[in-house]
Amino acid sequence: MKKMKRMLHGGDYNPNQWEKEVWKEDMRIFKDAAINSATINVFSWAKIQPSEEVYYFDELDEIIEMLTKENYDIVLGTSTAALPAWMFKKYPEVGRVDFDGRQHRFGHRHNACPHSLVYQKYATRLVEKLAERYGDNPQLSIWHINNEYGGECYCEKCEKAFRVWLQNKYKTIEAVNKAWNLEFWGHTVYEWDEIVVPNALGDGMDANNSAFAGLSVDYRRFMSDSLLDNFKMEKAAIRKYDQETPITTNLMGTFKGLDYFKWAKEMDIVSWDNYPSYNTPWSKTAMTHDLMRGVKNRSFMLMEQTPSQQNWQPYNSLKKPGQMRAQSYQTIAHGADTIQYFQLRRSVGGCEKFHGAVIEHVGTENTRVFREVSQLGHEMQSLGDSLLEANNPAEVGIIFDWDNYWALEYTSGPNKDLSYVDQIHQYYQYFYERNIAVDMISVDADFSKYKVVVAPVLYMIKDQMAENLEAYVEKGGTFVTTFMSGIVDQSDNVLLGGYPGPLRKLTGVWAEEIDALAPEQKNNIQLASGQKGETFLLSDILHLETAESLGEYTSNFYKGCPVATKNHFGKGQAFYVGAQMDTDSLAEILDQVCYDGDVKKVVDEKTNLEITRRQKDGKDFYFILNFTTEDQKLPETFDGSTDLLKNERLSVETVLQPYDVVLVTK
Ligand code: GLA
Ligand code: ZN
């Protein structure tokens, strides 16, 4: 397989939307920004195949020729994410049926029915032609299949395929009845074709509510697999002609629809699109990068970010001076090998005309945005391949699991405000603020690599999980879990015998009841140190079995009951956080977790800077970023080192202004 030769700096490029004179101008201007890569042909199906039997490659040939001459790394799209009009006209079945049961017509994008044989046939044919024609171009660096896979289809073809998927999984109809507990509300089915898809016309209530969560979770698994089959189909079409070029598709971070751990196994390299809102915490963006590194456990590509603003959020703020650059270094710090923009030139029409780009509507390089892109490009150029595929060492693993995400958010009760990603983020944030490196890991990861494993709201326990966690702690690991853990099996049926079910022995507690608190309600607590705090959202009423209490409720009828616990288990310990705590209270518990687990900070000094380490060839690279709104002093550890980006010597006097970045090696 081809290796990436350099860090890519580029992005989505649509010369097909422009006259040829503009292409020349683009090449001149991009050079000024040290752009070395272009992602092309992402949405050109209608151009390449103007009708059922006609293919037209002249324009794409010219684009590729131009980029090849200019020594670009080409990221080649397969164009299958938006279908041509003729296909919808002749074969309306290629469109999806939505949650409300409406059959979609031509329009928009990302809306092919994954089980349409017509779609599959024409997509495969198109991709084979592309691979045959361009697969041996030495400038071709990455294949970019489709675009941002996602969404669901509830058509009859999908329904039939779902039944087959279920037959493979459950073998008998009795097993399906049992798995979804269909005796409830007398929903027992006797024939496979009595099973219907869980949209608004069936058991689905809305995107997050279902009369049978087990059924809806299975449908999500099925849809994720179905779209993944579409990806694999295109991959196979490419591999017929090109066995060398790595293949990706652009993921979307914590996007709910697809099980990215499963997807990453089929991708040669992970890429993703980072579009934080004006108020997204930097810790959340960092967590998402770590997740995108985690799904394949290696460095990734940043396929898209906007150089300045978006168009599709409610409030599309500009990135402030220095922000795009700082955000890009945060991306590299957490494991990226590329910085790519959407897009290189701003479109004149369509819903993205207000989306930022490297070249704005003014059409020149004389803009604030361009200058910042250019600075970053030249800095990346001077870094060469020193950081390419570098590692991100971490001692803490946080479990992220799409089955849990789906099941937890489908479940009816106890509190509608419970959000899976927010729960995970709150734990991540604790480590982020202390510059403790974290890996985002799957439920079946090798836990033994970590001093601490954190599994917030580990609602669904599958397969060998409880045993694996017990073995990990037994040998000396430190484990943290919380309320709403150990509750159900893979089909959303409760694991009987008292919460947290299979984690009861490991945590040494029994949660007898779970109280839900409305937004205006709270409980008071007092921790072992005497520190007073509050809890919200959910409160377990806990009994100590073998665990010891780390604090208790001081209000409500369960006052005096433990709110957090620690259980010695083998050579290690398991912590249980029984309620949604305020930040300081949670920090007190997690301080103890870090102490017991002997977790090291990247830099052992108190600082408000984000400091992240990547390692390559025995060298440590420290990315030091100021995401606060005030000036921050450089930690003493870096006194006397040199900033690789500006080639400046640093001292204790060095001050980082907001969005300043410093990169040093040790
Ligand atoms: C997504 C898509 C792009 C573009 C951008 C705009 O990430 O992949 O085609 O629409 O959003 O932000
Ligand atoms: Zn369908």
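Scroll up to find the structure.
Quick notes on the rules
All residue numbers refer to position in the chain's written sequence, counted from 1. Just so you know, chain letters begin at A and ligand numbers begin at 1, following the order they were written in. The model is predicted, so local features are restricted to residues of pLDDT at least 70 and side-chain atom pairs to those at 80 or more, both for listing and for counting; the totals for chains, interfaces and linings are taken over all residues. Side-chain descriptors were evaluated using all non-hydrogen atoms of the structure, hydrogens and water having been removed beforehand. Secondary structure elements follow DSSP: runs of H or I no shorter than four residues count as helices, runs of E no shorter than two count as strands, and numbering proceeds from the N terminus. In this setup the radius of gyration rests on C-alpha atoms only. A globule is expected at 2.2 Å times the number of residues raised to 0.38. Residue exposure (1.4 Å probe, protein chains only): buried if accessible area is under 20% of the type maximum, exposed if over 50%, otherwise partly exposed. Residues are treated as being in contact if the distance between any of their heavy atoms lies within 4.5 Å. Accessibility throughout is a Shrake-Rupley quantity obtained with a 1.4 Å probe, and a residue counts as covered only by protein chains that appear here. Only heavy atoms are used to decide nearness, and a residue is near a molecule or strand if one of them lies within 4 Å of it. By the criterion applied in these results, polar contacts are pairs of N or O atoms within 3.5 Å in which, for protein atoms, one can donate a hydrogen and the other can accept it, and in which residues neighboring in sequence qualify only through two side-chain atoms. Under the scheme applied here, ten amino acids are nonpolar (Ala, Val, Leu, Ile, Met, Phe, Trp, Tyr, Cys and Pro), four are charged (Asp, Glu, Lys and Arg), and all others, including Gly, are polar. Here a salt bridge means any side-chain nitrogen of Lys or Arg lying within 4 Å of a carboxyl oxygen belonging to Asp or Glu. Here a donor is an N, O or S atom found within 2.8 Å of the metal, or within 3.2 Å if the metal is Na, K or Ca; sites may look incomplete because water is not among the atoms. In these descriptions, tetrahedral denotes four donors with every angle between 85 and 135 degrees, square planar four donors and octahedral six donors with opposite donors over 155 degrees apart and the rest between 65 and 115, and irregular any other case. Side-chain rings of Phe, Tyr and Trp (the six-membered ring for Trp) are treated as a pair once their centres are within 6.5 Å; stacked means planes under 30 degrees apart, edge-to-face means over 60, and tilted covers the remaining angles. Whether a charge lies above a ring is judged from NZ of Lys or CZ of Arg, which has to be within 6 Å of the ring centre and within 35 degrees of the ring normal. Note on geometry: axes are lines fitted to C-alpha atoms, helical ones only across the stretch in contact, with angles between N-to-C directions running from 0 to 180 degrees. Any angle between 65 and 115 degrees counts as roughly perpendicular, while under 35 counts as roughly parallel, over 145 as roughly antiparallel, and the rest as oblique. Crossing handedness follows the turn of the near helix against the far one: under a right angle anticlockwise gives a left-handed crossing, and clockwise gives a right-handed one. Whether two strands pair depends on DSSP finding at least two bridges between them.

Some thoughts on the overall build of the protein
Consideration 1: The secondary structure content of the protein amounts to 17 helices and 29 strands.
Consideration 2: What you see for the protein is a C-alpha radius of gyration of 26 Å, in line with the 26 Å of a compact globule of 666 residues.
Consideration 3: If one aligns the C-alpha atoms of the protein with their principal axes, the spans along those axes are about 75 × 75 × 45 Å.
Consideration 4: Scored against the burial criterion, the 666 residues of the protein give a buried share of 61%.
Consideration 5: Within the protein, contacts between residues at least 6 apart in sequence are counted, and of these 73% link residues at least 24 apart.
Consideration 6: Accessible surface, the protein: about 26900 Å² in total, of which carbon and sulfur atoms supply 49%.

A closer look at the site of ligand 1
Consideration 1: Around ligand 1 sit F43, R109, N147, E148, N250, D273, Y275, E304, W312, F342, E352 and H355, and that is every residue in its neighbourhood.
Consideration 2: The side chain of N147 places a nitrogen or oxygen atom 2.9 Å from an oxygen atom of ligand 1.
Consideration 3: Between ligand 1 and the protein, one listed contact pairs an oxygen atom with a side-chain N or O atom of D273 at 3.4 Å.
Consideration 4: Expressed as a share of its isolated accessible area of 310 Å², the protein-covered part of ligand 1 is 97%.
Consideration 5: Broken down by class, the residue content of the shell around ligand 1 amounts to four nonpolar, three polar and five charged.

With respect to the side chain of N111
Consideration 1: With respect to the element layout, N111 can be found in the loop between helix 4 (85-90) and helix 5 (117-134).
Consideration 2: If we skip the residues at most four places from it in the chain, N111 touches A81, F88, V94, G95 and R96.

Brief notes about unusual backbone geometry
Consideration 1: In this chain, F342 is followed by Q343 through a cis amide linkage whose omega measures -5 degrees.
Consideration 2: Note on placement: Q343 falls in the loop between strand 11 (336-341) and helix 12 (368-383).
Consideration 3: For the peptide bond that leads from G413 to P414, omega is -10 degrees, which places it in the cis range.
Consideration 4: In this structure, P414 sits in the loop between helix 13 (402-410) and helix 14 (420-433).
Consideration 5: The backbone of D617 shows a phi angle near 45 degrees, a positive value even though the residue is not glycine.
Consideration 6: With respect to the element layout, D617 can be found in the loop between strand 23 (610-616) and strand 24 (619-625).
Consideration 7: Look at N647: it is not a glycine, yet its phi comes out positive at around 55 degrees.
Consideration 8: As for its placement among the helices and strands, N647 is situated in the loop between strand 26 (642-643) and strand 27 (648-649).

Here we look at the pattern of salt bridges
Consideration 1: By the definition in use, this model includes 43 salt bridges.
Consideration 2: One salt bridge in this structure joins D596 and K566, with 2.6 Å as the shortest N-O distance. With D596 in helix 17 (residues 583-597) and K566 in strand 20 (residues 562-569), the pair connects residues that are 30 residues apart, well separated along the chain.
Consideration 3: On the accessibility criterion, D596 (24% relative accessible area) is partly exposed.
Consideration 4: What you see here is one network of salt bridges that share partners, running through K169, D218, R221, D401, D403 and K462.

Some remarks on the side chain of E234
Consideration 1: Along the chain, E234 turns up in helix 8 (residues 213-239).
Consideration 2: What E234 contacts, discounting residues up to four positions off in sequence, is T78, T80, Y119, V127, I145, N146 and Y149.

Description of the environment of W282
Consideration 1: Take W282: it is sitting in helix 10 (residues 282-294).
Consideration 2: Residue W282 is classed as buried on the basis of its relative accessible area of 17%.
Consideration 3: Taking the C-alpha atoms as reference, W282 lies 48 Å from V54; in sequence the two are 228 residues apart.
Consideration 4: With near-sequence residues (within four places) excluded, W282 lies in contact with Q323, Q327, Q330, Y432, F627 and Y659.

Points about the coordination of the zinc ion (ligand 2)
Consideration 1: Every protein donor of the zinc ion (ligand 2) is listed here as C113 (SG), C153 (SG), C155 (SG) and C158 (SG), and their distances to the metal cover 2.2 to 2.3 Å.
Consideration 2: Metal-centred angles of 102 to 118 degrees between the four donor atoms at the zinc ion (ligand 2) mark the site as tetrahedral.
Consideration 3: The sequence motif formed by the donor residues of the zinc ion (ligand 2) is C-x39-C-x1-C-x2-C. Of this pair, C113 sits in the loop between helix 4 and helix 5 while C155 sits in the loop between strand 4 (140-144) and helix 6 (156-170), and the two are 42 residues apart along the sequence. Neither C113 nor C155 differs from the other in exposure class; each is buried.

Some details on the packing of aromatic side chains
Consideration 1: All told, the structure shown has 38 aromatic pairs when counted by the stated rule.
Consideration 2: Both rings, one in F261 and one in W402, keep their centres 5.9 Å apart while their planes meet at 70 degrees; by these two values the pair is edge-to-face. Here W402 lies in helix 13 and F261 lies in helix 9 (residues 260-266), a separation of 141 residues in the sequence. In this pair, the class of F261 matches that of W402, namely buried.
Consideration 3: Between the aromatic rings of W282 and F627, the centroid separation amounts to 3.9 Å while the plane-to-plane angle is 5 degrees, which identifies the pairing as stacked. Of the two residues, W282 sits in helix 10 while F627 sits in the loop between strand 24 and strand 25 (632-633), which places them 345 residues apart along the sequence.
Consideration 4: Three or more aromatic residues link up through ring pairs in this structure, and these residues are F99, Y154, F162, W165, W180, Y219 and F222.
Consideration 5: Just above the ring of W23 sits the side chain of K20; from NZ or CZ to the centre is 5.4 Å.

As for the packing of helix 6 against helix 8
Consideration 1: Running from N to C, helix 6 and helix 8 cross one another at 105 degrees; their axes reach a closest spacing of 10 Å. Classified by the angle between their axes, helix 6 and helix 8 sit roughly perpendicular to one another. Contact residues: C158, A161, F162, W165, L166, K169 and Y170 in helix 6; L215, D218, Y219, R221, F222, M223 and D225 in helix 8.
Consideration 2: Its residues assigned to classes, the contact of helix 6 with helix 8 comprises 10 nonpolar, no polar and four charged.

Notes on the packing of helix 3 (residues 58-69) against helix 5
Consideration 1: Relative to each other, helix 3 and helix 5 sit at 40 degrees, their axes nearing to 12 Å. Of the possible angle classes, the one that applies to helix 3 and helix 5 is oblique. As for the relative orientation of helix 3 and helix 5, their crossing is right-handed in sense. Taken together, the residues of helix 5 that come into contact with helix 3 (itself represented by L60, D61 and I64) are L130, R133 and Y134.
Consideration 2: For the contact of helix 3 with helix 5, the per-class residue count stands at four nonpolar, no polar and two charged.

Things to note about the sheet that holds strand 29 (residues 661-665)
Pairing between the strands of a sheet comes from backbone hydrogen bonds, and it takes one of two forms, parallel or antiparallel.
Consideration 1: As summarised here, the arrangement of the three strands in space is 23-24-29, forming an open sheet in which the pairing is antiparallel. The sheet terminates laterally at strand 23 and strand 29, the two strands that pair on one side only. Strand-to-strand twist of the sheet, defined as the mean angle between neighbouring strand axes without regard to direction, takes the value 20 degrees.
Consideration 2: Relative to strand 29, strand 24 runs antiparallel, the two sharing five bridges.

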